[in-house]
Amino acid sequence: MAAVPSLEDLLRTCTRSALHLEMRDGYMRDDPLFLRWLSGQRDDPADRSSWWSPWLQLIEETTSRGVEVRRARVVSEPVSEYIRFEHEVTFRNVASGEQVRWLPRRQATGLALPGNDFWLIDGQVLLVHHFSGDGDFVDDELDTDHRTVKLCATAFEAVWERAVPHEDFRLR
């Protein structure tokens, strides 16, 4: 079995678009950034040097090449503590050039959504994320089957169309 390329490698070679669909209400409970947030520490958006990271640098480099990076999040309401954290730190994603939208899960009922989060690179390569029931990362799977890619692209666009831009989305 061939090794799955990293998301970072896929983004470095991406030429047109990188679409990310997130559908869980919680991820990696041991995430150091989340734990820091839980302890009351907050980032100052004006102090970029205190929160800028290699990941954000990669996204900025990717968007600077003209690649459109969009992230859509489907969330339950009222939102989980993890989603509150994500919402608060999303200014980082926006600062790096990502476009981010939020869709309350109640508004997703009529949509056919895949069972897993994914990144779709240039409309051709699907990197599927697998998580445990507790939200811990398990592994990634690469899929280039045109039917699966089309299904995920269609699902992403359907969510994007209904979703609220980050700057307008208010937590309940």
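Structure: above.
Residues numbered from 1 in each chain as written. Predicted model: local features only at pLDDT ≥ 70, side-chain atom pairs only at ≥ 80, totals over all residues. Heavy atoms only, no water.

**So, the sheet that holds strand E3 (residues 99-104)**
Here is step 1: With mixed pairing, 7 strands are arranged side by side in an open sheet as E6-E5-E4-E1-E2-E3-E7. In this open sheet, the two strands that pair with only one neighbour each are strand E6 (137-143) and strand E7 (164-165).
Here is step 2: Bridge analysis of strand E1 (residues 17-22) against strand E4 (residues 118-121) gives 4 bridges, and the strand direction is antiparallel. Residue Leu-19 lies in a different strand from E4, and its bridge partner there is Leu-120.
Here is step 3: Sheet contacts for helix H5 (residues 81-95): E1, strand E2 (68-75) and E3; angle to E3, the most-contacted strand, approximately 160°. (Pairing = 2+ DSSP bridges. Helix = DSSP H or I, 4+ residues; strand = E, 2+ residues; numbered from the N terminus. Contact = heavy atoms within 4.5 Å. Axes fitted to C-alpha atoms, helices over the stretch in contact; angles between N-to-C directions.)

**Topic: empty space enclosed by the protein**
Here is step 1: Inspection of every chain in the model, using the stated rule, returns 1 cavity of 30 Å³ or more.
Here is step 2: Together, Leu-33, Arg-36, Trp-37, Gln-41, Arg-42, Asp-43, Phe-85, Glu-88 and Val-89 line the largest cavity.
Here is step 3: Residue assignment for the lining of the largest cavity shows that the elements contributing at least two residues are helix H2 (32-38) and H5.
Here is step 4: A per-class count over the lining of the largest cavity returns 4 nonpolar, 1 polar and 4 charged. (1 Å grid on protein atoms, 1.4 Å probe; cavity = no way out; pocket = protein on both sides within 12 Å on 5 of 7 lines; lining within 4 Å. Points joined across faces, edges and corners; volume = space filled by probe spheres on them. Nonpolar A, V, L, I, M, F, W, Y, C, P; charged D, E, K, R; others polar.)

**Some details on the state of the cysteines**
In protein chemistry, a disulfide is the covalent bond that joins the sulfur atoms of two cysteines.
Here is step 1: Enumeration over the complete set of coordinates arrives at 0 disulfides.
Here is step 2: For Cys-14, which is in no disulfide, the shortest distance to another cysteine sulfur is to Cys-152 and amounts to 16 Å.
Here is step 3: Residue classification places Cys-14 among the buried residues on the basis of a relative accessible area of 2%.
Here is step 4: By relative accessible area, which is 4% here, Cys-152 ends up buried. (Disulfide = S-S within 2.5 Å. Buried < 20%, exposed > 50% of the residue type's maximum accessible area, 1.4 Å probe, protein only.)

**Describing the layout of surface pockets**
Here is step 1: The computed volume of the largest pocket comes to approximately 790 Å³.
Here is step 2: Of all elements in the fold, only helix H1 (7-13), E1, helix H4 (54-64), E2, H5, strand E5 (125-131) and E6 reach the threshold of two or more residues within the lining of the largest pocket.
Here is step 3: Per-element tally for the lining of the largest pocket: the top contributor is H5, with 7 residues.
Here is step 4: For the lining of the largest pocket, the residue count by class is 13 nonpolar, 5 polar and 9 charged.

**Some thoughts on the side chain of Arg-73**
Here is step 1: By the element assignment, Arg-73 lies in strand E2.
Here is step 2: Under the relative-accessibility criterion, Arg-73 is labelled buried at 4%.
Here is step 3: For Arg-73, the side chain forms a polar contact with the side chain of Glu-86, separated by 3.5 Å.
Here is step 4: When near neighbours in sequence (up to four residues on either side) are disregarded, Arg-73 contacts Glu-22, Glu-86, Thr-90, Asn-93, Val-100, Arg-101, Trp-102 and Leu-103. (Polar contact = N/O pair within 3.5 Å; in protein donor to acceptor, adjacent residues only side chain to side chain.)

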